[in-house]
Amino acid sequence: MTRRVCNRPKQLGFLEPNGRYSLARIKGLKGRSISKQKRSDLVKKVFVKSYGCQMNVYDAERMADMLATEGYSETKAMEEADLVILNTCHIREKAAEKVYSELGRVRELKQERQAQGQETRVVVAGCVAQAEGKEILRRAPAVDVVVGPQNYHNLPALLKKSRADRIVDTEFPVEDKFDHLPKPSKAAIRTRGVSAFLTIQEGCDKFCTFCVVPYTRGAEVSRPVAKILDEALRLADAGVRELTLIGQNVNAYHGEGPDGSVWSLGRLLHRLAEVPGIARLRYTTSHPRDMDDELIAAHRDLPAVMPYLHLPVQSGSDRILDVMNRKHTGDEYRRLIERIRKAQPNLALSSDFIVGFPGETDAEFEETMRLISDVGFASSFSFKYSPRPGTPAAEIENQVSEAVKAERLARLQTLLEVQRQAFNRGTVGQSLDVLVEKPGRHPGQMAGKSPYLQAVHFASESHAIGEIVTVRITQAGSNSLLGEWVGSGSQEAA
Ligand code: 5AD
Ligand code: SF4
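What you see is a predicted model, and the numbers here were worked out from it, not measured in a lab. (Residues numbered from 1 in each chain as written. Chains lettered and ligands numbered in written order. Predicted model: local features only at pLDDT ≥ 70, side-chain atom pairs only at ≥ 80, totals over all residues. Heavy atoms only, no water.)

**Q** Provide a residue-level description of the site of ligand 2, including the pertinent values.
**A** Around ligand 2, the neighbouring residues are C204, K206, F207, C208, F210, C211, V213, P214, H287 and R326. Along the lines of polarity and charge, the residues of the shell around ligand 2 split into seven nonpolar, one polar and two charged. (Near = heavy atom within 4 Å. Nonpolar A, V, L, I, M, F, W, Y, C, P; charged D, E, K, R; others polar.)

**Q** Quick one: what's the story with the packing of aromatic side chains, residue by residue and with numbers?
**A** Per the counting criterion, the structure on display carries six aromatic pairs. Plain terms: the ring middles of F210 and F357 are 6.5 Å apart, the flat faces sit at 85° to each other, and that makes the pair edge-to-face. Here F210, found in the loop between β8 (201-202) and α10 (213-216), pairs with F357, found in the loop between β15 (348-355) and α16 (362-375); they are 147 residues apart in sequence, far enough to count as distant. A centroid spacing of 5.4 Å and a plane angle of 90° characterise the contact between F423 and Y452, whose relative ring orientation is edge-to-face. Of the two residues, F423 is situated in helix α17 (residues 402-426) and Y452 in the loop between β18 (445-449) and β19 (455-459); the sequence distance between them amounts to 29 residues. Members of the aromatic cluster, joined through ring pairs, are F210, F357 and Y385. Positioned above the aromatic ring of Y58, the side-chain terminus of R62 is 4.5 Å from the ring centre. A cation over a ring is seen here: R223 above F178, with NZ or CZ 3.9 Å from the ring centre. (Phe/Tyr/Trp six-rings, centres within 6.5 Å; stacked < 30°, edge-to-face > 60°. Helix = DSSP H or I, 4+ residues; strand = E, 2+ residues; numbered from the N terminus. Lys NZ or Arg CZ within 6 Å of the ring centre and 35° of its normal.)

**Q** Give a detailed account of the sheet that holds β15, specifying residues and quantitative values.
**A** Pairing is parallel in the open sheet, where three strands are placed in the order β14-β15-β16. In this open sheet, the two edge strands, each paired with only one partner strand, are β14 (308-310) and β16 (379-384). On average, each strand axis in the sheet is inclined to that of its neighbour by 10°, with strand direction left out of account. Along the sheet, α17 makes contact with β15 and β16, crossing β16 at roughly 175°. (Pairing = 2+ DSSP bridges. Axes fitted to C-alpha atoms, helices over the stretch in contact; angles between N-to-C directions. Contact = heavy atoms within 4.5 Å.)

**Q** Explain helix α4 (residues 93-115) residue by residue, including any values.
**A** Helix length check: α4 (23 residues) gives 34 Å between terminal C-alpha atoms against 33 Å at 1.5 Å per residue, within 8%. Those residues of α4 lying buried are A95, A96, V99, Y100, E102, L103, V106, L109, K110 and R113. Lining the buried residues of α4 we find β1 (44-50), β3 (83-88), β4 (121-125), α5 (126-132) and α6 (134-139). Just beyond α4, the residue with positive phi is G117, at close to 80°. (Expected span 1.5 Å × (residues − 1). Buried < 20%, exposed > 50% of the residue type's maximum accessible area, 1.4 Å probe, protein only.)

**Q** Please set out the sheet that holds strand β5 (residues 145-147) residue by residue, giving values where relevant.
**A** Pairing within the open sheet is parallel, and its six strands lie in the order β2-β1-β3-β4-β5-β6. Across the chains shown, the open sheet's two edge strands, defined by having one partner strand only, are β2 (72-74) and β6 (167-169). Here the strands of the sheet are splayed against their neighbours by 20° on average, with no regard to which way each runs. By the bridge criterion, three bridges tie β1 to β2 in an arrangement that is parallel. Bridge pairing in β2 places V46 opposite E74. The strands that helix α3 (residues 54-68) touches are β1, β2, β3 and β4; relative to β3, the one it contacts most, it runs at about 155°. Sheet strands touched by α4: β1, β3 and β4. Its angle to β3, the strand with the most contacts, is close to 180°.

**Q** Residues and numbers for the site of ligand 1, please.
**A** For ligand 1, the full set of nearby residues is I91, R92, F210, Q314, D352, I354, F383, K384, Y385, S386 and R388. One of the side-chain nitrogen or oxygen atoms of R92 is found 2.9 Å away from an oxygen atom of ligand 1. Q314 places a side-chain nitrogen or oxygen 2.6 Å from an oxygen atom of ligand 1. Protein coverage of the free-state accessible area of ligand 1, which is 410 Å², stands at 87%. Mapped by element, the contributors of at least two residues to the shell around ligand 1 are β15 and β16. When grouped by side-chain class, the residues that make up the shell around ligand 1 number five nonpolar, two polar and four charged. (Polar contact = N/O pair within 3.5 Å; in protein donor to acceptor, adjacent residues only side chain to side chain. Areas by Shrake-Rupley, 256 points an atom, 1.4 Å probe, with all protein chains shown as cover.)

**Q** Any chance you could break down the domain arrangement of the protein for me, citing the residues and the numbers?
**A** On domain assignment, one finds that the protein holds domain 1 (1-40), domain 2 (44-169), domain 3 (183-426) and domain 4 (431-488). Taking only C-alpha atoms, the centre of domain 3 and the centre of domain 4 are 26 Å apart. Across the domain 3/domain 4 interface, buried area totals approximately 1300 Å², and carbon plus sulfur atoms make up 60% of it. When the buried area of domain 3 at its contact with domain 4 is split by residue, V194, R280 and N424 rank highest and sum to 39% of it. On the surface where domain 3 and domain 4 come into contact, there are zero salt bridges. Taken together, the links from domain 3 to domain 4 amount to seven residue pairs in polar contact (both at pLDDT 80 or more). Elements supplying a minimum of two residues to the side of domain 3 that touches domain 4: β13 (280-284) and α17. (Domains from an automatic or database assignment. Buried area = accessible area lost by both parts, 1.4 Å probe. Salt bridge = Lys/Arg side-chain N within 4 Å of Asp/Glu carboxyl O.)

**Q** Please provide a residue-by-residue account of the pattern of salt bridges, values included.
**A** Throughout the structure, instances matching the rule amount to 36 salt bridges. The salt bridge partner of E102 is K49, with a shortest N-O separation of 3.5 Å. Note that E102 is positioned in helix α4 and K49 in strand β1, a separation of 53 residues in sequence. Residue classification places K49 among the partly exposed residues on the basis of a relative accessible area of 29%. The partner of K384 in a salt bridge is E402, and the shortest N-O contact between them spans 3.3 Å. Here K384, found in strand β16, pairs with E402, found in helix α17; they are 18 residues apart in sequence, far enough to count as distant. Owing to a relative accessible area of 28%, K384 belongs among the partly exposed residues under this scheme. Given the relative accessible area of 47%, E402 is considered partly exposed. Connected through shared salt-bridge partners, D59, K177, E202 and R217 make up one network.

Written out as structure tokens, the structure reads:
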């Protein structure tokens, strides 16, 4: 694995010393003579809150796996946590500000627990940690450790070191963090369900002018095929049926194959489709420029590759796309979608949109609306442009007012919602394969996902989680579909 080495100096904070576990407590953890009840009281608990994208969800799970080997069990209640980790997102200002307001709450909690003689250690991880580093220690006195997304394998050591001095670790390391992370136990995989994320690529070299990712996550790095395969086999062995391959720019994947040659995402999908037990493959997030022929062919040739694609276009205006540095036009995107739909006629599309990019005129916004009408999206994410410090677009003088952004976003979202509902209604009467994920909302119901990532509920007494069944869709609600079981899943790979 090749990794870019950033020569920024390591940032270290030396601001405030922290509290310690009492000796008795440490003895208790290691002690041999305490009762079972006492022992369970003394197990350390970690609460991890993830913001933003799937990459963060995956990283949060890896952190929990690693801390499990340090004696921490996961809790969903922040109040009972000995260790609170906020795994943060920096993509838009709102996302970053949320972290500081959450840290205010964490500080109160830390004080309350301290008054009861309990210690709470606080870690800020993820992209805000990477981008803001020491500033977090300055603004949030409750924080003990700030750790970037490439460094969280150092967490146990950082937690120890931070007992003397609060600490920041945001250097881009030379070594691969994945080599240092413990593998999750079968039990941990099982509790996370039959659909799992698998990171195959990190970072981005595209430098869209609005985006912080190339700065916070660094240059594109692809994991070697052998390591991905190893992880896929482990997941499948624990009952996982669906893999979502994730990366900031996942279809730029160019990992080292077992034969030493460079493998594309298309080739990797072919290999993963052979893993026994894996019935479904998805990948996200992609860039239109990296949809190569091999990947498009995989949508045609591999039944395991789901007919669903998240392919952000951001804008329909050629001028805005150019200033965004997206390196394609609206028509090139339309033609690309035509090619993918030719390979997979059932394709459901999803996208990201930004409204109010600096200098966007009414006419340019209308071009985005036209592109949406032309292409048709089954689902989507849309945002008001948010200037991010250090990105080129934030320096453009002609920023669009909040009021105009809000008005454009409302119109855009109305159109996208109409399309989403039309897509969902269009599946009524169809028989869709559903991967059963969990019990449904009501007794006697199970819930799962259609190939198009729609939530489906159906009456069932006997279907096990992990099975793929065929469900005839009878009704489309606003956020999920209702259906009835008609048979065992057929179309998908076993
Ligand atoms: N402002 C608004 N939206 C943004 N995104 C990325 N950066 C910004 C920004 N500065 C959106 C893009 C991207 C998605 C993950 O977040 O649409 O595809
Ligand atoms: Fe950001 Fe995606 Fe552009 Fe990379 S391709 S810079 S992650 S928006």
